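If you want the building blocks of each chain, they are given just below.
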Amino acid sequence: MKRAVIGGFLSLIGSIWALTIVFIAGNNLVTSWDTELGRLWSTVIEMDLMFLFVCSVVFIVLGIILMAVELFRKEK
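Remarks on the overall build of the chain
When helices and strands are counted, the chain shows 3 helices and 0 strands. Shown N-terminal to C-terminal, the secondary structure of the chain runs as helices and strands in the order α-α-α. Its C-alpha atoms give the chain a radius of gyration of 16 Å, clearly above 11 Å, the size a compact globule of 76 residues would have. Across its three principal directions, the C-alpha atoms of the chain cover 60 × 20 × 15 Å. Looking at the chain as a whole, 24% of its 76 residues qualify as buried. Counted over contacts in the chain with a minimum sequence separation of 6, partners at least 24 positions apart contribute 60%.

Considerations on the packing of helix α1 (residues 2–27) against helix α3 (residues 50–72)
The contact between α1 and α3 brings their axes to 7 Å, and the two run at 155 degrees. With respect to each other, α1 and α3 are oriented roughly antiparallel. The way α1 lies across α3 gives a crossing that is left-handed. Split into classes, the residues belonging to the contact of α1 with α3 amount to 17 nonpolar, 7 polar and 2 charged.

Structural notes on the nonpolar core
With 6 residues, the main nonpolar core is built from A18, I21, A25, V44, L49 and F53. Here this core takes 3 residues from α1, the largest share from any one element. Leave out the neighbours within four places in its chain, and F53 touches A18, I21, V22 and W41.

Points about the side chain of E70
Among the secondary structure elements, E70 is positioned in helix α3. Dropping the residues within four chain positions of it, E70 is found in contact with M1, R3 and A4.

Observations concerning the environment of L49
Tracing the backbone through its elements, the reader meets L49 in the loop between α2 (39–46) and α3. Classification of L49 by relative accessible area gives buried; the value is 13%. Taking the C-alpha atoms as reference, L49 lies 12 Å from F23; in sequence the two are 26 residues apart. In contact with L49, other than residues within four places in its own chain, are I21, I24 and V44.

A word on the confidence of the model for the chain
Reading predicted coordinates in detail is not appropriate for stretches of low pLDDT. Per-chain confidence: the chain averages 89 in pLDDT, with 99% of residues scoring 70 or above. The element-level mean pLDDT for the chain is lowest in α2, coming to 89, with α3 highest at 93.

Cut-off values and rules
- Counting from 1, residues in each chain are numbered in the order their sequence is written.
- Only residues with pLDDT of at least 70 get local features here, since the model is predicted, and only at 80 or more are side-chain atom pairs given and counted; chain-wide, interface and lining totals rely on the full set of residues.
- Only hydrogens and water are removed before side-chain values are computed, so all heavy atoms of the structure are retained for them.
- For helices the rule is a DSSP run of H or I covering at least 4 residues; for strands it is a run of E covering at least 2, with both sets numbered from the N terminus onward.
- For a compact globule the rule gives 2.2 Å times the number of residues to the power 0.38, and the radius of gyration it is set against comes from C-alpha atoms.
- For each residue, the accessible area found with a 1.4 Å probe, counting protein chains only, is set against the maximum for its type, and the residue is called buried under 20%, exposed over 50%, and partly exposed in between.
- Between two residues, a contact is recorded if the distance between any of their heavy atoms is within 4.5 Å.
- A fitted line through C-alpha atoms serves as each axis, taken over the contacting stretch for helices, and the angle formed by two N-to-C directions is quoted from 0 to 180°.
- Oblique is the label for every angle not falling under 35 degrees (roughly parallel), over 145 degrees (roughly antiparallel), or within 65 to 115 degrees (roughly perpendicular).
- Each crossing gets its handedness from the near helix: less than a right angle anticlockwise from the far helix is left-handed, clockwise is right-handed.
- Residues are grouped as follows: Ala, Val, Leu, Ile, Met, Phe, Trp, Tyr, Cys and Pro are nonpolar; Asp, Glu, Lys and Arg are charged; all remaining types, including Gly, are polar.
- The definition of a nonpolar core used throughout is a set of buried Ala, Val, Leu, Ile, Met, Phe, Trp, Tyr and Cys residues joined through side-chain atoms within 4.5 Å.
- On a scale of 0 to 100, pLDDT captures the predictor's confidence in every residue.

Printed below as a string of structure tokens:
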């Protein structure tokens, strides 16, 4: 049960980070961008927020994995 709570907090923290990064980039959009990436992701890259965004996604995935492992773990 403890791992499930820890996993929930990790994914919550990662989600808040990701939403904050998208909010900051959305309020400071670039004027010229690559059409393949899109305007938002070009802004994230230009503002050097991609590393933080990747870290937040890692936190989200790690938290979900911890919760899934705890869900399928068998009790002794």
